Amino acid sequence: MVVIEVKGSEGTSPRFERLNQHVIRIGRAPDNDVIIDDPYIDAHHISLDVSDAASWHVSDLDSVNGTLKSHHSISSTTICSGDELTIGRTRLRIFDLEHRMQPALSLRTLEHLLFGFNSTGSLVLFVAAIALYPCIAIYLNSSGAEIKPDTYLVAALSSIGTSLVLAAAWSLLGRLLRSESRFRVLLNLTIVFWLVSSLLSLLVYITYYNFPGGMGRGFANVIFMAVLLGIYVYLGLLISTRLAVRSRQIISLTVMVGLLGTFAVTDFSRRDQYRPNPSYDGLVRSPRLLFRSGESQVGYRARLPDVFAQADELALDTDAED
Amino acid sequence: MPTIRSAFRLTILLWSSALLGQPNGGAQVLFAKHHASVMQIRVMDRAANNKSSTGSGFLVDGQGLLATNYHVIASAIDAPDKYRIEVLLRDESVLVAEVKNVNVVSDLALLKVELPQAAVLTLATKASLKGDTVYSMGFPFDLGITVIPGTYNGLAPHSAANRVHFSGSLNAGMSGGPAFNEQGEVIGVNVATAGNQMSFLVPVQDLKDLMASPTPDPQVPYSEILVQQLQKNSQRMISQLLGGDWKTVPLGGAQALDEVTGFLRCWGNSKDMNDSADKRPFYATRSCQTDHNIHVKQGLSTGKIELQFYWLESTELNSIQFYNHYERIFSRYRPGNAGRKQDLGNWSCEEGFVTTNNAADELTKSVFCARAYKKLKGIYDVLFLQGSVSRDEQAHMIHFTIAGTTQELALAFTERFMESGIW
C-alpha cells in the first residue's frame, strides 16, 4: 500500500491518494487510478509498479512532456519512498506507509518559525518596498531639478541587487553547511532588516531634531545599527549554519562590538582634530515634525556664556596635545 | 592683425618711457634725496640663518627708529625664538632690529636699530588732496630699492581701518615703505594692493599716533598687547554698529538690515527667474561685510564682520523637499575668517528653538558658535545663525560672523541683532 502526494502549481495545497493496487496508472483520463487535471499531462502518463516492496518501478508511457526525477528526464527507473517525480506541471511524491517523516517544526523555536518566513506574497511586498525606498528618498531630496527615470531605475535595481547579493551569500553558506539554501527566507530577512534600520534612523533623526545637542545623532544611529546588525547576523547564522547557540551569540556580539568599537575609536581620534568650520547641528525640518515648544530669546541668550567657556576649554585641550 | 598689435604695443612703450623721463624729475630728486632713509627689512630664520620674508621700512627719528608694517615683522612677534629682524643698509651690511611698538589693527610697527646720525624722513603735517602725485618707495620682490609714482585718492570711504587709496602699483616686498608727497614728506605707509593700480597706504596720522603712544613694557608679552588692540578695535566697531541705523529693508517675504554703519557694505543676489534651467526654489540674499581683515600672523586674519540675510520660498516643492533643500543651506554656514590649528581652538556651539518677537508661535532654529584664540586670551570668533522652522514652503535665515571680538561685545551684538525687528 502506498500514499501519493499530488501537488499542482504554486500556491495550491497538495492532495493525498492512498492506493492498494500493485500497479498504479496515473494520467488525465478517467480510467486511471490517480486522475490529475493538468493539461500538460498525457491521458495515460506513467505507470507505477509497487509489487516488490524493496524496489518500486516507474515507467513513462511515452508521454508528450516526459517524466522528471530530480530534474532528470527518465523513461523507466526505480524509485523509493519519499522520491519526487514531476509530470507536466504537477509534482508527485510517493511514500510507503512506514515512511519516516521529519519531526514537526516547533512553533516555539525561532529557527523553525523563520523557516516558514518564505511566502511569495511577503517576498513580492518586500522587494517592492526595497525598490521603492531609494526612489522616494531621491524624490524627496530633489530641489526641483528634473529627475531622469534612469536615476530611479538604477537606485531601485542597486537596492534590490544589494539585498540579493547579501541573501545569496547567506544562502551559499547554508548550502555548504546545511545543504539547504533557504534563499527566500534569507532574502525576506535581509530586506526586513534593511527597512527596519531605515525606519529607525528616520526616528532618530526626528527625535534628534526635536532635541538638538546632547548625544550626537551619529552616535545614536550607530548604536541602533549595531544592535540591528547583531540580530541580523544572529538570525542569518541560525538559518544558514548548525552552530551552537553560544557560538552564534559570540559571533553576533563580536560584530556589534566591532562596529561600535570602530566608531568609538574614529570618533575619539577625531575629537581633537582641528576643524576650521563649526560642526553645528543644522537640522531644519518641516513644522509637522517639530513637536516641542520653543524658549524665549532671553532664555536662549542666558545659555550663551557657556559656549565661550567651552570654547576656552577646546582651545586648551588641543593646546596640550601639541 | 599682427601689425596692428605690434604698433599698439609700441605706443604703450613709448608712452611709458616718456612717463619715466618726464615728471620723474620729481621722482629722481625725491629718490636721490630720500632713498638712504628707506631700508629693506628682513625677517631671518635663526636656524637657517637666511631670510624668510622681506619688507621695507624707513627712518623716522635720529635715534634709529624705523617705521614699517606690522605684517612685515608678524612672524618675529609670534615666534621670537625662531626669527630675528634685520635691517639691510646701503653698503649691504646688516643691523639687528628690535620691536619697540606695534599696532596690529592699523598694521604698523616701530623698530629700533643702532644707527645714529642717519637722515630722517619728515612726516607730512598738511593733508594731501585728491589728485596729488604720490611717490612710493620700497624693495619689491627683493629687486632693490624702487620708486613708484601714483595718485593720491583720499581715504578709502568705507574701510574698517583708515586707509589711503593710492592709485599706483605696489608689489610684494614694498610693504612698510614710505609714500611721499611732492614736497618729500611722508604721507603714508605702503600696506596692500588690490591689483590694477589699486593700492592702499596707512595714513601718516596713524603712524604719528603710534609714535606718540607710550612704548610698552618689554616684560609684557606681545600677545597681551595684541589682545588689547584687538579688543579696542572690536569695541570701536561694535559700538559703531550698535549706535548705527538699524533700518530694515524688505527681502523676499521678510526683512533684512540695511547698511547699519559706514564700514558695512551690502551686496544682494537673487534667483534669475528667466533662467528656466534653474529649477531650484526662489531665493534672495543680502550680505553685508567689512572690507578688510586684520593680519595677525601668517595664516591668521581677524576682525571681519559679516551679516547675511537669506529668503527662500517655493511653490513647486512639497514641504519635505523644501526643508531638505533648506537644511542643506542652513547647515553649511562658514566663518568669514580663517586660521590654523596652532592659532585657533575648535568651535563650541549651542543650538535651540527660540521664539521670535513678533509672533509667539513662530519658532526659529538658533545656532550660536564661538571659538577661542589660543595665544590671544579673551579673543573669540563667533558665528550666529537663526532660521525659521514654522513655515511650510518659506524660510528666512539671518546670520552673522564677527571675528576677533570679546564675549561681552559678541553677546551685546547678538542681543541687538536678535531684537532688531528682522523677524
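Note that this is a predicted model, so its numbers are computed, not measured. (Residues numbered from 1 in each chain as written. Chains lettered and ligands numbered in written order. Predicted model: local features only at pLDDT ≥ 70, side-chain atom pairs only at ≥ 80, totals over all residues. Heavy atoms only, no water.)

1. What to know about the overall build of chain A
A tally of regular secondary structure across chain A gives eight helices and eleven strands. Relative to its length of 322 residues, chain A is extended, with a C-alpha radius of gyration of 31 Å against a globular reference of 20 Å. Taken over the C-alpha atoms alone, chain A extends approximately 95 × 50 × 35 Å along its principal axes. Residue burial in chain A is summarised as follows: out of 322 residues, 35% are buried. Once local pairs closer than 6 in sequence are excluded, the contacts in chain A between residues at least 24 apart make up 49%. Total accessible area on chain A stands at roughly 18,400 Å², and carbon and sulfur atoms take up 62% of it. (Helix = DSSP H or I, 4+ residues; strand = E, 2+ residues; numbered from the N terminus. Rg over C-alpha atoms; globule rule 2.2 N^0.38 Å. Buried < 20%, exposed > 50% of the residue type's maximum accessible area, 1.4 Å probe, protein only. Contact = heavy atoms within 4.5 Å. Areas by Shrake-Rupley, 256 points an atom, 1.4 Å probe, with all protein chains shown as cover.)

2. Some remarks on the pattern of salt bridges
Scanning the model with the defined rule gives 20 salt bridges over all chains in all. Here Arg303(A) ties to Glu350(B) by a salt bridge, and the two come within 2.2 Å at their closest N and O atoms. Taken as a pair, Arg303(A) in the loop between α7 (297–302) and α8 (304–321) and Glu350(B) in strand β20 (residues 348–355) lie in two separate chains rather than in one. Judged by relative accessible area, Arg303(A) falls into the partly exposed class, the value being 24%. For Glu350(B), a relative accessible area of 22% puts it in the partly exposed group. A salt bridge links Asp78(B) to Lys375(B), with the shortest nitrogen-to-oxygen separation between them at 3.9 Å. Of this pair, Asp78(B) sits in helix α3 (residues 70–78) while Lys375(B) sits in the loop between β21 (363–372) and β22 (380–388), placing them 297 residues apart in sequence. Overall, the relative accessible area of 30% leaves Asp78(B) in the partly exposed class. What emerges from the salt-bridge pattern is a single network uniting Asp78(B), Lys297(B), Asp343(B) and Lys375(B). (Salt bridge = Lys/Arg side-chain N within 4 Å of Asp/Glu carboxyl O.)

3. Examining the environment of Thr302(B)
Residues and elements named next belong to chain B. Relative to the helices and strands, Thr302 is located in strand β18 (residues 300–302). Residues Thr302 and Pro116, spaced 186 residues apart in sequence, show a C-alpha to C-alpha distance of 37 Å. Among residues more than four places away in sequence, those in contact with Thr302 are Leu230, Asn293, Ile294, Val296, Asn337, Tyr373, Asp381, Ala403 and Gly404. From its side chain, Thr302 meets the backbone nitrogen of Gly404 in a polar contact 3.0 Å long. (Polar contact = N/O pair within 3.5 Å; in protein donor to acceptor, adjacent residues only side chain to side chain.)

4. Considerations on the domain arrangement of chain B
All names here are of chain B. Structurally, chain B comprises domain 1 (1–214) and domain 2 (227–418). Of the residues lining the interface, 13 residues belong to domain 1; the matching set on domain 2 comes to 16 residues. Carbon and sulfur atoms make up 55% of the area that domain 1 and domain 2 hide from each other, which totals about 1,300 Å². Between the two partners, domain 1 and domain 2, sit two salt bridges. At the junction of domain 1 with domain 2, the criterion picks out four residue pairs in polar contact (both at pLDDT 80 or more). Those elements giving two or more residues to the side of domain 1 that touches domain 2 turn out to be α3 and β5 (94–103). In terms of residue count, α3 provides more of the side of domain 1 that touches domain 2 than any other element does, four residues in total. Here the residues of the side of domain 1 that touches domain 2 sort into seven nonpolar, four polar and two charged. (Domains from an automatic or database assignment. Buried area = accessible area lost by both parts, 1.4 Å probe. Nonpolar A, V, L, I, M, F, W, Y, C, P; charged D, E, K, R; others polar.)

5. Details of the interface of chain B and chain A
Taken together, the contact pairs 64 residues of chain B with 53 residues of chain A. In total, about 5,200 Å² of surface goes out of reach between chain B and chain A, with carbon and sulfur atoms giving 55% of it. Its largest share of buried area at the contact with chain A, chain B owes to Lys341(B), Asn346(B) and Phe353(B), together 15% of the area lost on that side. In this structure, the connection of chain B to chain A is made through five salt bridges. Between Lys365(B) and Asp281(A) there is a salt bridge whose closest N-O contact spans 3.3 Å. Between the two partners, chain B and chain A, sit 36 residue pairs in polar contact (both at pLDDT 80 or more). Per-element accounting of the side of chain B that touches chain A gives the leading share, ten residues, to helix α6 (residues 319–330) of chain B.

6. Some thoughts on the state of the cysteines
Residues and elements named next belong to chain B. Summed over the entire model, instances satisfying the criterion amount to two disulfides over all chains. Residue Cys349 pairs covalently with Cys369 via a disulfide, S to S 2.1 Å. Here the S-S torsion is close to 110°, and the disulfide linking Cys349 with Cys369 is therefore right-handed. Here the residue Cys349 occupies a position in strand β20, and Cys369 occupies one in strand β21, the gap between them amounting to 20 residues. For chain B, the bonded cysteines pair up as 1-2, 3-4 when numbered in the order they occur along the sequence. (Disulfide = S-S within 2.5 Å.)

7. Considering the packing of aromatic side chains
Scanning the entire structure with this criterion turns up 19 aromatic pairs over all chains. Where Trp246(B) meets Phe413(B), the ring centres are 5.8 Å apart and the plane angle is 50°; that geometry is what we call tilted. Of the two residues, Trp246(B) is situated in the loop between α5 (222–242) and β13 (248–251) and Phe413(B) in helix α7 (residues 407–418); the sequence distance between them amounts to 167 residues. Comparing Trp246(B) with Phe413(B) shows no difference in burial state: the two are buried. Ring plane angle 35° and centroid distance 5.4 Å describe the contact between Phe384(B) and Phe400(B), whose orientation is recorded as tilted. Placement of the pair is Phe384(B) in strand β22 and Phe400(B) in strand β23 (residues 394–405), with a sequence separation of 16 residues. For the pair Phe384(B) and Phe400(B), a shared accessibility class is recorded, and that class is buried. One aromatic cluster is present, built from ring pairs that chain together Phe308(A), Trp246(B), Phe309(B), Phe368(B), Tyr380(B), Phe384(B), Phe400(B), Phe413(B) and Phe417(B). Taking NZ or CZ as reference, Arg416(B) lies 4.3 Å from the ring centre of Trp246(B), over its face. (Phe/Tyr/Trp six-rings, centres within 6.5 Å; stacked < 30°, edge-to-face > 60°. Lys NZ or Arg CZ within 6 Å of the ring centre and 35° of its normal.)

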